[in-house]
Amino acid sequence: MRVLMLAFVMLFLPVLAQASSCELSIDSTDQMRYSEAELTVPSGCETVTLTLTHSGSLPKTSMGHNWVLVETDQLSDLAKDAMAAGPANNYVPAGDDRVLAATELVGGGESTSVEFSVADLKGKDLSFFCSFPGHFALMKGKFIIE
Ligand code: ZN
């Protein structure tokens, strides 16, 4: 029985290890910062699950944060349009092809997550940012698939 268990663990452990590395988490704060400037996933991932936490205490109306994935050269244009989309849309333009993934907006003490496919994103220069008005200057980073 013990041998069988060991065989089972050895067979499935690599699968579990790969699955867990396709899960990312990042924190955000009342100081308008993310905890990471760079997020990396292995190219073996087909889908990635990202969890955003907000460890501050300010409400989302004044210090809301989200996590939006975009091609780096489209970041500043998208950030402008996101501002115009307004709070009713979580500051994410609806149906916009430039939005590769986006979480909802969270306030202090809240968390949210998003699952998205990275199948078509390999080899692209990608960045993430917070689209709450005025935040992207400080709240952005690189998203790397390696
Ligand atoms: Zn923010």
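Scroll up to find the structure.
Scope of this entry: the structure provided in the associated data block. (Residues numbered from 1 in each chain as written. Predicted model: local features only at pLDDT ≥ 70, side-chain atom pairs only at ≥ 80, totals over all residues. Heavy atoms only, no water.)

As for the sheet that holds strand β2 (residues 38–41)
Phase 1: Across the sheet, five strands lie side by side as β2-β8-β7-β4-β5; this open sheet has mixed pairing. Edge positions in the open sheet fall to β2 and β5 (101–102), since each of these has one partner strand only.
Phase 2: Most of the contacts of helix α3 (residues 75–85) go to strand β7 (residues 126–129), to which it runs at about 30°, and overall it touches β4 (68–71), β7 and β8 (140–145). (Pairing = 2+ DSSP bridges. Helix = DSSP H or I, 4+ residues; strand = E, 2+ residues; numbered from the N terminus. Contact = heavy atoms within 4.5 Å. Axes fitted to C-alpha atoms, helices over the stretch in contact; angles between N-to-C directions.)

A few points about the coordination of the zinc ion
Phase 1: Listed as protein donors to the zinc ion are H65 (ND1), C130 (SG) and H135 (ND1); their distances from the metal cover 2.0 to 2.2 Å.
Phase 2: All donors of the zinc ion come from a single chain, and their spacing in sequence reads H-x64-C-x4-H. (Donors = N, O, S within 2.8 Å, 3.2 Å for Na, K, Ca; no water.)

Some details on the sheet that holds strand β6 (residues 111–117)
Phase 1: One open sheet holds the three strands; their spatial order is β1-β3-β6, and the pairing between them is mixed. With partners counted over all chains shown, the strands left at the sheet margins are β1 (23–28) and β6, one partner each. Going from strand to strand, the sheet's axes swing by 20° on average, the running direction of each strand aside.

Re the environment of S117
Phase 1: When you line up the elements, S117 lands in strand β6.
Phase 2: In the structure, S117 is positioned 71 residues away from E46 in sequence and 5.8 Å away in space, judged by C-alpha atoms.
Phase 3: Apart from the residues within four sequence positions on either side, S117 is in contact with E46 and T47.
Phase 4: A distance of 3.2 Å separates a polar atom in the side chain of S117 from the backbone nitrogen of A119. (Polar contact = N/O pair within 3.5 Å; in protein donor to acceptor, adjacent residues only side chain to side chain.)

Let's talk about the pattern of salt bridges
Phase 1: Under the counting rule described, the total for this entry stands at five salt bridges.
Phase 2: The shortest N-O distance in the salt bridge between K124 and E71 comes to 3.9 Å. Of the two residues, K124 is situated in the loop between β6 and β7 and E71 in strand β4; the sequence distance between them amounts to 53 residues.
Phase 3: Using a relative accessible area of 39% as the deciding quantity, one classes K124 as partly exposed.
Phase 4: Using a relative accessible area of 26% as the deciding quantity, one classes E71 as partly exposed.
Phase 5: Put simply, D96 and R98 hold a salt bridge, and the shortest N to O gap is 2.7 Å. Each of the two residues, D96 as well as R98, counts as buried.
Phase 6: Residues joined in a network through salt bridges with shared partners are D81, D96 and R98. (Salt bridge = Lys/Arg side-chain N within 4 Å of Asp/Glu carboxyl O. Buried < 20%, exposed > 50% of the residue type's maximum accessible area, 1.4 Å probe, protein only.)

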